[in-house]
Amino acid sequence: MADDLAPVAQDDGPAPVVRIKYTPEFEEAMGRFRAILLRGEVGERALAVTGEVIDLNAANYTAWAYRRRCLEALGSRETWARELEWSADVTRDNQKNYQVWFHRRRCVEAVGAGDASELAFVAECLDADGKNYHAWGYRQWLIGRFGLWADELDFAAALLADDPYNNSAWNERFFVLRGTRALNDPAAVSAELDFAARELRRDANNVAPWSYMKGLVDAGPEPDAAAAWLCARCRELLVAHPGCAPAAAALVDMLDRPGAREAAAAEAAVMCIALATKWDTVRSKYWAMRHAQLVAGGDGQQTSAL
């Protein structure tokens, strides 16, 4: 560093009670960063200082914000391209840090690098943790921003093949259907219902595909027909797997829909009793409430026998 960049020490006040014992390296880097901030200096030297600070504490959002200010001042596409490359290792080392993903988003915007290679980078991070909320949020931004929808259903399916309980991958499928307007297509929704139903062959008690199917029923173009289809699947599965709580719960939700016939409400009430007393006793009070609403015609005023 140039000699004129004298570090500025941290001001802990006249009588600090418990002074934090920083390492000399950290104090030196933060001292230089304070000097940069006081000067309002932007440029290559300031960029290097922010890099030192981030290397020591990747959660320093002030350093990230000032780094972007330096990049904007430097201005060239080449500078942003180098930054995108630099941020890759920082992101790999700090995948649960919101700052790194937000910064990478700004780099991609500046470079216009929203392509398959960036999707591959996110896939690499998700391979380390398939439920990383920040990586998924970034991936969805990337897909929506640059229209990278084409292979995303296959990507989510591959993750689900490895881990059928990955709620993030199920959510990604729904995100793609909504983003591509496939939720308006009865054939597409039917195909997704079949996909989820096949996943239940591995574990009928996996709540994720049940939640996914219920979401498709509500968001799809033919909710009544889809609800009838799901009711049939629930009944079939309960024959094969008696006491399957997610199947019984889904059946209650499908039967207890606006305009349902009285016979449907009666069947749902029977399911509520079974759930409350045998299959899902940890939520017995919830199922007792649902039972009370059903026997009261939906207004919840009648007291349940449970």
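If you're wondering where the values come from, they're calculated on a predicted model, not measured in any experiment.

What counts, and at which threshold
- Residues numbered from 1 in each chain as written.
- Predicted model: local features only at pLDDT ≥ 70, side-chain atom pairs only at ≥ 80, totals over all residues.
- Heavy atoms only, no water.
- Salt bridge = Lys/Arg side-chain N within 4 Å of Asp/Glu carboxyl O.
- Buried < 20%, exposed > 50% of the residue type's maximum accessible area, 1.4 Å probe, protein only.
- Helix = DSSP H or I, 4+ residues; strand = E, 2+ residues; numbered from the N terminus.
- Contact = heavy atoms within 4.5 Å.
- Axes fitted to C-alpha atoms, helices over the stretch in contact; angles between N-to-C directions.
- Parallel < 35°, antiparallel > 145°, perpendicular 65-115°, else oblique.
- Left-handed = near helix turned anticlockwise from the far one by under 90°.

Caption draft 1: Region of the structure containing the pattern of salt bridges. Inspection of the entire model under this criterion finds 23 salt bridges. With its nearest N and O atoms 2.6 Å apart, the salt bridge here joins Arg202 to Glu199. The exposure class of Arg202 is partly exposed, given its relative accessible area of 44%. Its salt-bridge partner being Asp256, residue Arg290 comes within 3.3 Å of it at the nearest N-O pair. Pair noted here: Arg290 is in helix α15 (residues 284-295) and Asp256 is in the loop between α13 (245-255) and α14 (262-279), with a separation of 34 residues, a long-range link. The class for Arg290 is buried, based on a relative accessible area of 8%. Because the salt bridges share partners, they merge into one network encompassing Lys214, Asp253, Asp256 and Arg290.

Caption draft 2: The environment of Gln99, seen in detail. Inspection of the secondary structure puts Gln99 in helix α5 (residues 98-111). Accessibility expressed as a relative area gives 15% for Gln99, which makes it buried. Considering only alpha carbons, one finds Gln99 and Thr62, 37 residues apart in sequence, at a separation of 10.0 Å. Those residues in contact with Gln99 that sit more than four places away from it in its chain are Ala58, Tyr61 and Trp64.

Caption draft 3: Main features of the packing of helix α12 (residues 223-240) against α13. With their axes 9 Å apart at the nearest point, α12 and α13 run at an angle of 150° to one another. Considered as vectors, α12 and α13 are oriented roughly antiparallel to each other. Judged by the sense of rotation from one axis to the other, the crossing of α12 with α13 is left-handed. When α12 is examined against α13, the residues Ala227, Leu230, Cys231, Cys234, Arg235, Leu237 and Leu238 are found in contact with a partner set consisting of Ala247, Ala248, Ala250, Leu251, Met254 and Leu255.

What is shown is where atoms sit, not what they do.
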